[in-house]
Amino acid sequence: MYPLTRFYARKLYRQKLIYIFFACFFTASFFYAFLISTPQMEEMLNINIGIVGRRNFPEFMMRFYVGTVGILFHAFLLTLFICEEDRNKMLYQPLLHGENRSRMIRSKIDTAVSMSMIFVLFVAFINYITAFMRWGYEIFEQAAFIRTIIKYLLSGIYMSVITLGIVTLCICTRSAWKTIFFVVIYLLADQFIYGSNIAFLQKIWVGYYINLWTFTYEYQKIPCRELLIGTFIMALYGMAFFQISLYRTQRIDF
C-alpha cells in the first residue's frame, strides 16, 4: 500500500463517528432480529417471519444500509474527511514530502473506496452474527448464503461508486452542507426514478440496478444479463467521478 494511503487510512479510522455508528447498527440489528420474531411485532409490522427471517434476514437487513442509512453515513464521514481539510487548507497543498495534488487526492480516493467495501462487508458480518444468535446454523443454507454474499459484494461496488460521487461533490462544492444537501437530493431522485415508468432513464441511472437487485430480486437469484449491465453502468459512473475529481483538484487555485 502506498505510504500516503496508509497515512490517510489511519487518519480516517480514528474518526469516532465510525465506531458509534456501527455500535448503533449492531444494537439495532440485534434487537430487530429478536423483535420481529414475536407475534405482536409480526402482526404490527405486517410481515411474514418465514420470509424476512432465518436465512433471509441478512439480505433483508441489507436494504437499510445500502438504500439510505449507509449513504448518509458515508456523506457525513467523507465531508469530515475532505471538506474539513479543505477548509483548513490541508487537502490540496503538497505538504507531505513534495507530494503533488493528484497523488494526494488519489490516496484519499483509494482510502474512501476501500472503506466503502470494508464497511459493506462489516455490515454483512454484523447481520450474520445477529441472525446466527437468533436462528443458528439455518442462516447458512447454501443457496441463500451464496446469493446473499454476492449481493453484498455488488452492494460494495455500488457504495464505492457512491463514495466516489460524494468525494467529487466535496471537491466541486468545497462545502460540507452543500455536499450533504446534494446527497439527500440524490436519494430522493433515486427513489423517484426507480418507481417511475421512464425506462430509458432507469437504464442509465446509477442507483437503478442496486434497487432492482435489492427489491425486485430480493430473496432471488439475479439474472446474468441484469448483473452484467448493472455492473458496467456503475463502472462507467465510477470512472467518470474519478476523472472529474482529479480534474477539479488540478483546477483549484489558492
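Above this text sits the structure in question.
A short tour of the structure in this document, coming up. No experiment lies behind these values; they were computed from the predicted model shown. (Residues numbered from 1 in each chain as written. Predicted model: local features only at pLDDT ≥ 70, side-chain atom pairs only at ≥ 80, totals over all residues. Heavy atoms only, no water.)

### Details of the packing of helix α7 (residues 142-173) against helix α8 (residues 176-195)
- At a closest axis distance of 9 Å, the pairing of α7 and α8 adopts a crossing angle of 140°. The orientation of α7 with respect to α8, classified from their angle, is oblique. Pair α7 / α8 crosses with right-handed handedness. On α8, the residues that touch Tyr158, Ile162, Ile166, Leu169, Cys170 and Thr173 of α7 are Lys178, Thr179, Phe182, Val183 and Tyr186. (Axes fitted to C-alpha atoms, helices over the stretch in contact; angles between N-to-C directions. Helix = DSSP H or I, 4+ residues; strand = E, 2+ residues; numbered from the N terminus. Parallel < 35°, antiparallel > 145°, perpendicular 65-115°, else oblique. Left-handed = near helix turned anticlockwise from the far one by under 90°. Contact = heavy atoms within 4.5 Å.)

### Looking at a nonpolar patch on the surface
- Residues Phe26, Phe34, Phe122, Phe125, Ile129 and Met133 make up a contiguous nonpolar surface patch of roughly 520 Å² in combined accessible area.
- Elements represented by at least two residues in the nonpolar patch include exactly α2 (16-35) and α6 (101-135).
- A per-element tally of the nonpolar patch places α6 first, with four residues.
- Positionally, Ile129 belongs in helix α6.
- The partly exposed category is assigned to Ile129, whose relative accessible area is 31%. (Patch = residues over 30% accessible without salt bridge, like charges linked within 9 Å, V, L, I, M, F, W, Y side chains within 5 Å. Areas by Shrake-Rupley, 256 points an atom, 1.4 Å probe, with all protein chains shown as cover. Salt bridge = Lys/Arg side-chain N within 4 Å of Asp/Glu carboxyl O. Buried < 20%, exposed > 50% of the residue type's maximum accessible area, 1.4 Å probe, protein only.)

### Topic: unusual backbone geometry
- Although it is not a glycine, Arg54 sits at a positive phi angle of roughly 55°.
- Structurally, the position occupied by Arg54 is in the loop between α4 (49-52) and α5 (57-87).
- The class of Arg54 is partly exposed, set by a relative accessible area of 31%.
- If you check the backbone angles, Tyr219 has positive phi at about 65° while not being a glycine.
- Looking at the secondary structure, you find Tyr219 in the loop between α10 (208-216) and α11 (224-251).
- Taking relative accessible area as the criterion, Tyr219 reaches 19% and is therefore assigned buried.

Keep in mind these values describe shape, not function.
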